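Structural description and commentary
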Amino acid sequence: VLQFQDVLDTSASLYALPEGLDFDEGQALVDLLNPARMAMVVSKDNVKRLLLPAEMPEAHAAIFAPNGDLVADEPGFWMVCSDGAGSLPPLQDMAAVCETGAGRLILTWGGFSFALLVMLVVFISNWRSSIYLSVVKEATQPSGPARPGPRKEAQHVLTAAIEHTIPDRGVKVSAGGLGKVLDQMLKEHPKGTLSLVHPKFGDVDYGDLEKYKELQVVVDGKPQTVVVYTLSSAFNGVQRNWYLLSHEFFQERSKRAPYPSPMTTLRTLRYFSLWNQTVAALLQDLQPDVYHCMDYHAALAPLYVPKECRVPVILVLHNADYMGIVETDFINNRFWQTVPALRRLGVVFNLQKSAIRKYATFEGRFNMLKAGVAYVKEVQAGHGVCAVSANYGVELKRERALFNGLPCIMALDNATDPAEDQGEAGIDALKKQRFEAKAALQAHCGLDQNLDAKILIFIGRWVKQKGVDHIAMITPSLLRSHPEVQIVLAGPPDDACGLYAEELLAPIKPQFPGRLFVCTEFFALPGHLRRGAHLCFAPSCSEPFGYVDVEFGLLGVPSVGCAIGGLGKMPGVYFRQQNADSSRMLLDAFLCSVDYALDMPDADYWEMAHAATKATFPFDTWRENLLEAYSQAIAHFKPGK
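Attention now goes to the overall build of the protein. In terms of helices and strands, the protein carries 16 helices and 27 strands. Taking all 641 residues of the protein together, 49% fall into the buried category. The contacts of the protein with a sequence gap of at least 6 include a subset with a gap of at least 24, amounting to 71%. For the protein, the accessible surface area stands at approximately 31400 Å², while carbon and sulfur atoms represent 54% of it.

Most of strand S12 (residues 192-199) is tucked away, with 7 of its 8 residues classed as buried. Here 5 bridges tie strand S9 (residues 156-160) to S12, and the two strands are oriented parallel to one another. What sits directly across from Leu158, in S12, is Ser195. In this structure, S12 lies alongside strand S15 (residues 238-246), joined through 8 bridges in parallel fashion. In the strand pairing of S15, Gly192 is matched with Val238.

This brings us to the side chain of Lys466. Mapped onto the fold, Lys466 is located in the loop between strand S22 (454-459) and helix H10 (468-481). With relative accessibility at 19%, the residue Lys466 sits in the buried group. Those residues in contact with Lys466, other than ones at most four positions away along the chain, are Phe458, Arg461, Pro539, Ser540 and Glu543.

Here we take up the pattern of salt bridges. Where charged atoms of side chains with opposite charge meet at close range, the side chains can pair. Scanning the entire structure with this criterion turns up 21 salt bridges. Residue Arg398 pairs with Glu399 through a salt bridge whose shortest N-O separation is 3.0 Å.

Here helix H9 (residues 427-445) spans 26 Å end to end across 19 residues, near enough to the 27 Å set by a 1.5 Å rise per residue. For H9, every residue scored as buried is listed here: Leu430, Arg434, Ala437, Lys438, Leu441, Gln442 and Cys445. Mapping the buried residues of H9 onto a view down its axis gives an arc of 140°, with all of them on the same face. Opposite the packed face of H9, turned more than 90 degrees from it, sit the exposed residues Asp428, Lys432 and Ala443. Following H9 by one or two positions, Gly446 has its phi on the positive side, about 70°.

Taken N-terminus to C-terminus, the directions of helix H2 (residues 177-188) and helix H16 (residues 619-635) make an angle of 90°; their axes are 12 Å apart at the nearest point. One finds that H2 runs roughly perpendicular with respect to H16. Only Phe619, Trp622 and Arg623 of H16 make contact with H2, whose side of the interface consists of Gln184, Met185 and Glu188. A class-by-class count of the residues in the contact of H2 with H16 yields 3 nonpolar, 1 polar and 2 charged.

The nonpolar side chains of soluble globular proteins are, as a tendency, buried together. Core analysis: the largest hydrophobic core is formed by 113 residues, its most contacted members being Val197, Trp275, Tyr291, Phe349, Phe366, Leu369 and Phe403. For this core, the leading source of residues is helix H4 (residues 266-286), giving 10 residues. Sequence-distant contacts of Val197, that is, excluding residues within four places in its chain, are made with Leu158, Thr159, Ala160, Ala161, Tyr243, Leu245, Trp275, Val279 and Leu282. Counting 38 residues, the second largest nonpolar core, distinct from the first, contains Leu478, Ile487, Phe590 and Met608.

To continue, consider the sheet that holds strand S2 (residues 28-31). Paired through their backbone hydrogen bonds, the strands of a sheet run either parallel or antiparallel. Read across the sheet, 5 strands follow the order S1-S4-S3-S2-S5 without closing on themselves; strand pairing throughout is antiparallel. Looking at the sheet topology across the chains shown, the edges are occupied by strand S1 (14-16) and strand S5 (64-66). Between one strand axis and the next, the sheet turns by 35° as a mean value, whatever way the strands run.

Glancing now at the packing of aromatic side chains. A full pass over the atoms with the stated rule returns 13 aromatic pairs. Each member of the aromatic cluster is reached from another via a ring pair, and the members are Phe250, Tyr271, Phe272, Trp275 and Tyr296. The ring of Tyr229 is capped by Lys200, whose NZ or CZ atom sits 5.7 Å from the centre of that ring. In this structure, Lys569 is placed above the aromatic ring of Phe545, and the distance from its NZ or CZ to the ring centre is 4.5 Å.

Next up on the list: a nonpolar patch on the surface. On the surface, a cluster of nonpolar side chains totalling about 530 Å² of accessible area is made up of Leu117, Leu120, Val121, Phe123 and Ile124. Within the secondary structure, Val121 is located in helix H1 (residues 95-125).

A word on the packing of H10 against helix H11 (residues 496-505). As a packed pair, H10 and H11 sit with axes 8 Å apart at the nearest point and diverge in direction by 15°. One way to sum up the angle between H10 and H11 is to call them roughly parallel. Of the two possible hands of crossing, H10 and H11 adopt the one that is left-handed. Note on element contacts: H11 touches H10 through Cys497, Gly498, Tyr500, Ala501, Leu504 and Leu505, opposite Val468, Asp469, Ala472, Met473 and Thr475. Class assignment of the residues belonging to the contact of H10 with H11 gives a composition of 8 nonpolar, 2 polar and 1 charged.

What counts, and where the lines are drawn
- Residues numbered from 1 in each chain as written.
- Predicted model: local features only at pLDDT ≥ 70, side-chain atom pairs only at ≥ 80, totals over all residues.
- Heavy atoms only, no water.
- Helix = DSSP H or I, 4+ residues; strand = E, 2+ residues; numbered from the N terminus.
- Buried < 20%, exposed > 50% of the residue type's maximum accessible area, 1.4 Å probe, protein only.
- Contact = heavy atoms within 4.5 Å.
- Areas by Shrake-Rupley, 256 points an atom, 1.4 Å probe, with all protein chains shown as cover.
- Pairing = 2+ DSSP bridges.
- Salt bridge = Lys/Arg side-chain N within 4 Å of Asp/Glu carboxyl O.
- Expected span 1.5 Å × (residues − 1).
- Arc of directions from axis to C-beta.
- Axes fitted to C-alpha atoms, helices over the stretch in contact; angles between N-to-C directions.
- Parallel < 35°, antiparallel > 145°, perpendicular 65-115°, else oblique.
- Nonpolar A, V, L, I, M, F, W, Y, C, P; charged D, E, K, R; others polar.
- Core = buried A, V, L, I, M, F, W, Y, C linked by side-chain atoms within 4.5 Å.
- Phe/Tyr/Trp six-rings, centres within 6.5 Å; stacked < 30°, edge-to-face > 60°.
- Lys NZ or Arg CZ within 6 Å of the ring centre and 35° of its normal.
- Patch = residues over 30% accessible without salt bridge, like charges linked within 9 Å, V, L, I, M, F, W, Y side chains within 5 Å.
- Left-handed = near helix turned anticlockwise from the far one by under 90°.

Note that every value here comes from positions in space, so none of it alone points to a role or purpose.
Pasting the structure below:
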């Protein structure tokens, strides 16, 4: 044995021979394990050494023996010592080396076992993940603006929306929360002139209208004529002027389906091109102090206004999840593939390719909301973007890259009328109302007449955002585990998740006769019947404000769902989204929150229900926040940019 090393050395070439070996200089030795490898005894300074080939291709072990004492190990490749080679010299004492190696081996196995034990303990202690529930016992009232001092007043405000209401003519076109906000603006807007631009639908009777003017715009390279009609009325110090746009694209829409499909159709793009260009023409013609832009539908309009006619804008995000994306083909980053797509969009929208690229593309797709955000950044230093609840604004600023760079997203919490008695009647009166309304609701929906039943209800659009697919998934489990539960689910399916929920519920309904009511059409349930519900489902994966929890809460019906966006402001039981990408975790959390709410002691439940009737969302606060948003937009407006 020549040498012991922890790591084999491939560069050494000379080794001192162990004591007791007497080889002549020039003696050849052969590696038993690799006979092609030779070594030779050399003498230098009266010390004999073994010369090995240098720069071996890889680390290796070798056993060298005199060439004459070896024979081939047939039929193997190795060589062995012949019978006449004599005995080998004794090995040196290796006890210390072996003990060191054994100690290291014990430490290695000990460390491995300890690490394995730690992982096992962690796994056992976390074999079930925790679900965090928020039990809200009192309503949260929105707060007003924090900045004191004088404001820049807006005497004339123009807003444009596809949904619309004209109280004097009995016209009501509403598909959700935006319609309710418009109703709120008509009654509670700050004093001054409010101009409202809306499309004129073919199935709505607007009565006699006065013709205002004709507008000429270019859509997809072809000239289009839009006839503008007007009517006016005054209410509560606000001069309300309606401008109704008449065109084939608008006339073909109905009040039950006011919005064009967001799928890839050239007609949809033409619709929004015509709409935005017409709004821009009225902006240029009327010159309001502020343009109140609701969501993405008319966010392109400021791009058509010449610089000398620009006006300040506030962009109110009623539902930024849709992001203003019209599902066009992906616009590739490679310039030779990007230019044709931009050119085609530029022709449809009557804009330059550079404007489409700069203002209306985001993350590879055509995006109309991007235009509104970019305009506010460019001419108002980012001031003027609002959300319909404070929490929703914080979420958007934190999670949506589109809003990066904005100084803030202002809170413009929606307002609503309070409950009739604001909870002054007490819990006993609330129980009596529930008792009477429950029987009426069961009769109206064909449920079993059971006054001890707990009715869980969901009424609204069946879309992914509302979590209707999760409601459908847990429905069988709820009905089986809680015999006292009855469920009412109603609303039109508006996307793939809504249709999926409809398919899930279809085979379940016959299994629970008298306990499950499902209606997949528009379903108007009178307010006095809604009082009969025990809990209101609100498992939204995103919720800007949440009108449903407010409407049911003011009737004494707490909510159960997800604490996200505008939800969580009304009394109820809410779960936290710990992993929004895991359907299993969301379902478990939702089911856990419903179980918790159903198992609450009666005293706690009725205190929560009574607290919900005391909630207030004052119009004064909304009006002050709106005035502050107008003031911020006007103060930071730089028209020359």
